[in-house]
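Okay, here's what each chain looks like letter by letter:
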Amino acid sequence: MAIHNFYAGPSIIDASILETASNAIRSREDLLSVIEISHRSVRFGEIMEEARSLVRELAQLDDDFEVLFLQGGGRQQFFQVPFNLLNFNQVAYYINTGSWAKQAMHEASFFGKAEAIASSESTNFNFIPKSAPVPENAAYLHITTNNTIYGTQFHDIPSVDAPLVADMSSDIFCRPLDYNRFGLVYAATQKNAGTAGATIVMVRKSILKKAPGSIPTMVDYQTHIKKQSLYNTPPTFAVYMSLLTLRWLKASGGLSHFVQHNEAKSNAIYAEIDRNSMFVGHALKEDRSIMNAVFTFTPEVNQVRENDFVAFCEARNIIGLKGHSSVGGFRASMYNALPLESVNALVDTMQDFEKQFG
Ligand SMILES: *Cc1c(COP(=O)(O)O)cnc(C)c1O
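No experiment lies behind these values; they were computed from the predicted model shown. (Residues numbered from 1 in each chain as written. Predicted model: local features only at pLDDT ≥ 70, side-chain atom pairs only at ≥ 80, totals over all residues. Heavy atoms only, no water.)

Caption draft 1: The sheet that holds strand E12 (residues 292-297), seen in detail. Taken in spatial order, the three strands line up as E11-E12-E14 in an open sheet, and their pairing is antiparallel. Across the chains shown, the open sheet's two edge strands, defined by having one partner strand only, are strand E11 (279-281) and strand E14 (330-333). Each strand of the sheet is rotated relative to its neighbour by a mean of 35°, with strand direction disregarded. Bridge count for E12 against E14 is four bridges, and the pairing is antiparallel. Following the sheet pairing, Asn-292 is matched in E14 by Ser-333. Lying over the sheet, helix H7 (residues 254-275) contacts E11 and E12, oriented at roughly 15° with respect to E12. (Pairing = 2+ DSSP bridges. Helix = DSSP H or I, 4+ residues; strand = E, 2+ residues; numbered from the N terminus. Axes fitted to C-alpha atoms, helices over the stretch in contact; angles between N-to-C directions. Contact = heavy atoms within 4.5 Å.)

Structure below.
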């Protein structure tokens, strides 16, 4: 029986990628397995180069951009971004759409001034604040394009003069986007771009103004640009998994294919949330994420507990639905690799649950 994997991250990976990766680990046809070779070998150099160039190609980046594979996940970028882009006499602005943005803003405060220019905190982050005018002298504006916890997503990317920095950890490559509008994009790879262990960074060289050598070597983007992501030992297996994922993205039809696929899934789940008398969506309709659907029981439901619905789903091999503790309820994460059949199985289960307990 099929398993339906709705985990928020690390999360579902296409079966063909798992197959290729497991063969590559076991196989010593090229003399050594892919995970027992030096990062200085020609073979790994090619893996890194192809991964970087596929990111460039999928995002259609212009020549000013560099693509890096770094470590430390999303959270390292929370401080690496201000370390590289914020001076003590400057202000960095953040749109506060929930805990990721808040943590990122807190880290920036170690390097300069960090201020929320707009926030949806007063309504438990159920919407994306729009039209936030950014002062002229801003170091940058930081947004979290998709809030994984609250199920909100920017559908319109703000226009600003300051460099626009985006945490795309939970929605990178889920849709076509004008990546050239950004100064810097980062994404931990464990949700939509491979497995845990690497972070993709796309950065415009022209926004890196701090003098080379003025910040610690390992956190200086210039170090990794100069050495093409091979300054230190990169997480070679995680980079390889990202490469397989990027190849699969391209071969499956690219970002225009995936936005259709992702919208078909999110339309199906939101239609059921809106129809079903037992459930209500957390985010405002216009700001709903196509990656993470967050929903709770309606206030009228009192004969069953949240864990009952989670167990009802698990009995049908629907896994990973428990919501994040700051919202409660349920979260269906529907990353690129999740098939539409899994969402259909969840919709059927919600209908059966309503028949039995509604
Ligand atoms: C998962 C996630 C992160 C955190 O990534 P770590 O690799 O655990 O540090 C950051 N931002 C967003 C939006 C995420 O969804």
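Caption draft 2: Representation of the pattern of salt bridges. All told, the structure shown has 19 salt bridges when counted by the stated rule. The salt bridge partner of Arg-28 is Glu-36, with a shortest N-O separation of 2.7 Å. Close ionic contact of Asp-171 with Arg-175 constitutes a salt bridge, the shortest N to O distance being 3.3 Å. Taken as a pair, Asp-171 and Arg-175 share a single burial class, namely buried. (Salt bridge = Lys/Arg side-chain N within 4 Å of Asp/Glu carboxyl O. Buried < 20%, exposed > 50% of the residue type's maximum accessible area, 1.4 Å probe, protein only.)

Caption draft 3: Representation of the domain arrangement of the protein chain in the model. As assigned here, the protein chain comprises domain 1 (15-251) and domain 2 (254-357). With 27 residues of domain 1 in contact, the opposing surface of domain 2 contributes 25 residues. Roughly 2200 Å² of surface becomes buried between domain 1 and domain 2 when both sides are summed, with 57% attributable to carbon and sulfur atoms. Between domain 1 and domain 2 we count two salt bridges in total. Residues Asp-287 and Lys-130 are paired through a salt bridge, measuring 2.9 Å at the closest nitrogen-oxygen approach. For the interface between domain 1 and domain 2, the tally reads 17 residue pairs in polar contact (both at pLDDT 80 or more). Listing elements by their share of the side of domain 1 that touches domain 2, those giving two or more residues are strand E7 (152-153) and helix H6 (236-251). (Domains from an automatic or database assignment. Buried area = accessible area lost by both parts, 1.4 Å probe. Polar contact = N/O pair within 3.5 Å; in protein donor to acceptor, adjacent residues only side chain to side chain.)

Caption draft 4: Layout of the side chain of Gln-77. Within the secondary structure, Gln-77 is located in helix H3 (residues 73-85). Side-chain polar atoms of Gln-77 contact the side chain of Tyr-221, separated by 2.6 Å. Residues in contact with Gln-77, not counting those within four places in the same chain, are Leu-70, Pro-82, Tyr-186, Thr-199, Val-201 and Tyr-221.

Caption draft 5: Quick peek at the environment of Val-239. As for its position among the elements, Val-239 is in helix H6. Here Val-239 falls in the buried class, since its relative accessible area comes to 0%. Ignoring sequence-local partners within four residues, the contact set of Val-239 consists of Phe-44, Ile-47, Met-48, Ala-51 and Phe-69.

Caption draft 6: Just the sheet that holds strand E10 (residues 199-204), in detail. One open sheet holds the seven strands; their spatial order is E2-E10-E9-E8-E5-E3-E4, and the pairing between them is mixed. On the outer flanks of this sheet lie strand E2 (65-70) and strand E4 (113-119), each paired with one strand and no other. Taking each pair of neighbouring strands and ignoring which way they run, the sheet shows an average axis angle of 20°. Here four bridges tie strand E5 (residues 140-144) to strand E8 (residues 164-167), and the two strands are oriented parallel to one another.

Caption draft 7: Just helix H4 (residues 99-108), in detail. Within the span of H4, buried status applies to Trp-100, Ala-101, Ala-104, Met-105 and Ala-108. Each buried residue of H4 lies within a common arc of 130° when the element is viewed along its axis, so the set occupies one face. (Arc of directions from axis to C-beta.)

Caption draft 8: The packing of helix H2 (residues 42-59) against H6, seen in detail. Two elements in contact, H2 and H6, have axes whose closest approach is 9 Å; the angle formed by their N-to-C orientations is 45°. Accordingly, the angle class assigned to the pair H2 and H6 is oblique. The way H2 lies across H6 gives a crossing that is left-handed. For the pair formed by H2 and H6, the contact residues are Phe-44, Ile-47, Met-48, Glu-50, Ala-51, Leu-54, Val-55, Glu-57 and Leu-58 on the first element and Thr-236, Val-239, Tyr-240, Leu-243, Leu-246, Arg-247, Leu-249 and Lys-250 on the second. Broken down by class, the residue content of the contact of H2 with H6 amounts to 12 nonpolar, one polar and four charged. (Parallel < 35°, antiparallel > 145°, perpendicular 65-115°, else oblique. Left-handed = near helix turned anticlockwise from the far one by under 90°. Nonpolar A, V, L, I, M, F, W, Y, C, P; charged D, E, K, R; others polar.)

Caption draft 9: Just unusual backbone geometry, in detail. With an omega dihedral of -5°, the bond running from Gly-9 to Pro-10 counts as a cis peptide bond. Structurally, Pro-10 is set in the loop between strand E1 (4-5) and helix H1 (15-26). Phi angles above zero are rare outside glycine, and Phe-125 is one such case at about 55°. Within the element layout of this structure, Phe-125 appears in the loop between E4 and E5. Classification of Phe-125 by relative accessible area gives buried; the value is 4%. Its identity as a non-glycine residue notwithstanding, Ser-229 has a phi of 65°, on the positive side.

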